[in-house]
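Here is what each chain is made of, one letter per residue.
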Amino acid sequence: MAFHPPRLTRRGLGTLIVCAALGLLATGCGGTKSASAHERRGTRSVPALSPPPLMITPASGGTDTTPNRGITVAATAGGAISGVTVRANGSRVAGSLNTDGTKWHSTWALAVSQRYAVTATATTSAGKQVTLTSSFKTFTPHQTITTEILEGYHQTYGVGMPIILYFSRPVTNQAAVERSLQVRTSRRVLGSWYWDSECGTAPECAYFRPRHYWSPHTQVSFTGHLDGVEEAPGVYGYHNLTQSFTIGGPLLVVASAASHYMSVYRNGRLFAHWPISTGRPGDDTPDGTYLTIEKANPVDMVGPGYNIEVPWSVRFTWSGDYLHDAYWSVGEQGFTNVSHGCVNMPPADAEIYYQMAVPGDPVKIVGSPKAGTWDNGWTMWFLPWRAWVKGSALHEAVEAGPHGSTFVRLRGGNPVAPTPTTPITPTTPTAPTAPTTPTAPTTTPSTPTPTPTPPTTTATP
């Protein structure tokens, strides 16, 4: 079909010409002005939106996949935060405000698989009060890690025992875990955490040990804010951990393989000086400062050529060394070493010590030709203080007291900015070299610990 353009009538043509003429007139007389107006319309700026007076992170309505970052509330444009309330599962979430009142942050990581509600109030620079609410949930991780504490609820431990934590998986983000651990004590103490990936009782262990022995009768409370902490890539803690226990009175043993006597110090004074017999040549009792682990009456001790029920037995190594009743070697005790590695004691003396001992009492073996082995027992006191602090992921010490604990940097083994602390200046007693009356050593109490499930070992009488 052929296309036929529309035919213009005379009237239509006239109208077109008039319009064109008017258009030319407008262009000739006001072209510049018209262009300027068009230019202004094209570049006119849109007023910027004012930032909200409050911002809450994580965002409302979403799922937080980084619970270890916590919650942040920030005031903007010169405003100041006047209040923040965060609740999860009916409980209030702890947090703190910075010094200028512009930012609030939760103290610990957020629990996984949990819903949070945030209410924040601020005053703007114009003096107006505003309130913002937010709610979100945290994700459920695919991989989790369990943590257990060795200490038992309201149990009593010896002055040498550290807090012992067992982790069900290796921990690679040890610094984050360490920051989540809080120690509260009735008396001020300086201590440090130490990581042990070869402890043998769990894939990962962590210990808190004071610089010196705990002060007697110290009340200790531990809280691990581990829920939501990413302890290894993609692996999160999913529960918190709390425990309270007590440090008892100081009971220390110094047993000399050379003099064949042991000295027992109770409450800072010499309590007893008993004859003993330690490991015979080839089965030498190893030197070192150990801690009592557990006790039983009797213990079935099995080895080459023997299987015997041994009364009043107090264990101090995983390999099977005990202080115990050895009625069969009373004639050699005080004169020579005949045992398979244990500390043989007279029956009456062994019973007395057994009745006093609790887990965590220090046992120092001296005068042996054989050195002790790290992790063969609770060997935390094998290390001097500076070496112990180096085992912390933060390389910092912990100052604990009635109001909780804080991390402190050290210089020369001492806090950079020391705070008042209860004097704790214990030293390890030295054994007498002969069966004469020794002097009591100066000691300071230490930390307690409970009884774990030890590795399978053979006891050696």
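Residues numbered from 1 in each chain as written. Predicted model: local features only at pLDDT ≥ 70, side-chain atom pairs only at ≥ 80, totals over all residues. Heavy atoms only, no water.

## Examining the pairing of strand β16 (residues 204–210)
The side chains of a regular strand alternate, residue by residue, between the two faces of the sheet.
Inference 1: Most of β16 sits out of view: seven of its seven residues are buried.
Inference 2: Of the two faces of β16, the one carrying Glu204, Ala206, Phe208 and Pro210 and the one carrying Cys205, Tyr207 and Arg209 are both buried.
Inference 3: Both strand β15 (residues 189–196) and β16 contribute to a ladder of six bridges, which runs antiparallel. Each bridged residue has a counterpart across the sheet, and for aspartate 196 the counterpart in β16 is cysteine 205. (Buried < 20%, exposed > 50% of the residue type's maximum accessible area, 1.4 Å probe, protein only. Helix = DSSP H or I, 4+ residues; strand = E, 2+ residues; numbered from the N terminus. Pairing = 2+ DSSP bridges.)

## Let's talk about the environment of valine 253
Inference 1: Checked against the element boundaries, valine 253 lands in strand β21 (residues 251–256).
Inference 2: A residue is classified by how much of its surface remains accessible, and valine 253, at 1% relative accessible area, is buried.
Inference 3: Sequence spacing of valine 253 and valine 264 is eleven residues, and the spatial spacing of their C-alpha atoms is 4.7 Å.
Inference 4: Apart from residues lying up to four places away in sequence, valine 253 is in contact with Met262, Ser263, Val264, Leu323, Tyr353, Pro362, Val363 and Lys364. (Contact = heavy atoms within 4.5 Å.)

## A closer look at the packing of aromatic side chains
Inference 1: For the structure shown, the criterion picks out 16 aromatic pairs.
Inference 2: With centroids separated by 4.6 Å and ring planes inclined at 20 degrees, the aromatic side chains of tyrosine 194 and tryptophan 388 adopt a geometry described as stacked. Remark: tryptophan 388 occurs in helix α4 (residues 385–390) and tyrosine 194 occurs in strand β15; sequence separation between them is 194 residues. Of the two residues, tyrosine 194 and tryptophan 388, neither departs from the other in class, the shared state being buried. (Phe/Tyr/Trp six-rings, centres within 6.5 Å; stacked < 30°, edge-to-face > 60°.)

## Comments concerning the state of the cysteines
Inference 1: Counted by the stated rule, this structure contains one disulfide.
Inference 2: Put simply, cysteine 199 and cysteine 205 are joined by a disulfide, and their sulfur atoms are 2.0 Å apart. Negative torsions about the S-S bond denote left-handed disulfides, and the value of about 65 degrees found for cysteine 199 with cysteine 205 makes this one right-handed. You'll find cysteine 199 and cysteine 205 in the same group, each marked buried. (Disulfide = S-S within 2.5 Å.)

## Quick notes on the sheet that holds strand β12 (residues 156–157)
Inference 1: On the basis of which strands lie adjacent, the open sheet formed by four strands has the order β12-β20-β17-β14 and mixed pairing. Two strands lie at the open edges of the sheet, namely β12 and β14 (181–185), each paired on one side alone.

## Details of the sheet that holds strand β3 (residues 72–75)
Inference 1: Strands sit in the order β1-β3-β7-β6 across an open sheet of four strands; the sheet is antiparallel. Both edges of this open sheet fall to β1 (54–57) and β6 (95–97), since each of them pairs with a single strand only. Across the sheet, the mean angle separating the axes of adjacent strands is 10 degrees when strand polarity is ignored.
Inference 2: The sheet contact formed by β1 and β3 spans four bridges and is antiparallel. The partner of methionine 55 across the bridge, within β3, is alanine 74. (Axes fitted to C-alpha atoms, helices over the stretch in contact; angles between N-to-C directions.)

## A closer look at the pairing of strand β9 (residues 129–138)
Inference 1: Inspection of the sheet shows strand β2 (residues 63–64) paired to β9 by two bridges, in the parallel sense. Considered in β9, the bridge of threonine 63 is made with lysine 137.
Inference 2: Across nine bridges, the pairing between strand β8 (residues 115–123) and β9 is antiparallel. Bridging from a neighbouring strand, valine 118 pairs with serine 134 of β9.

## Quick look at helix α3 (residues 347–356)
Inference 1: Listed as buried for α3 are Asp349, Ala350, Tyr353, Tyr354 and Met356. Projected onto a plane normal to the axis of α3, the buried residues spread over an arc of 165 degrees and lie on a single side. (Arc of directions from axis to C-beta.)

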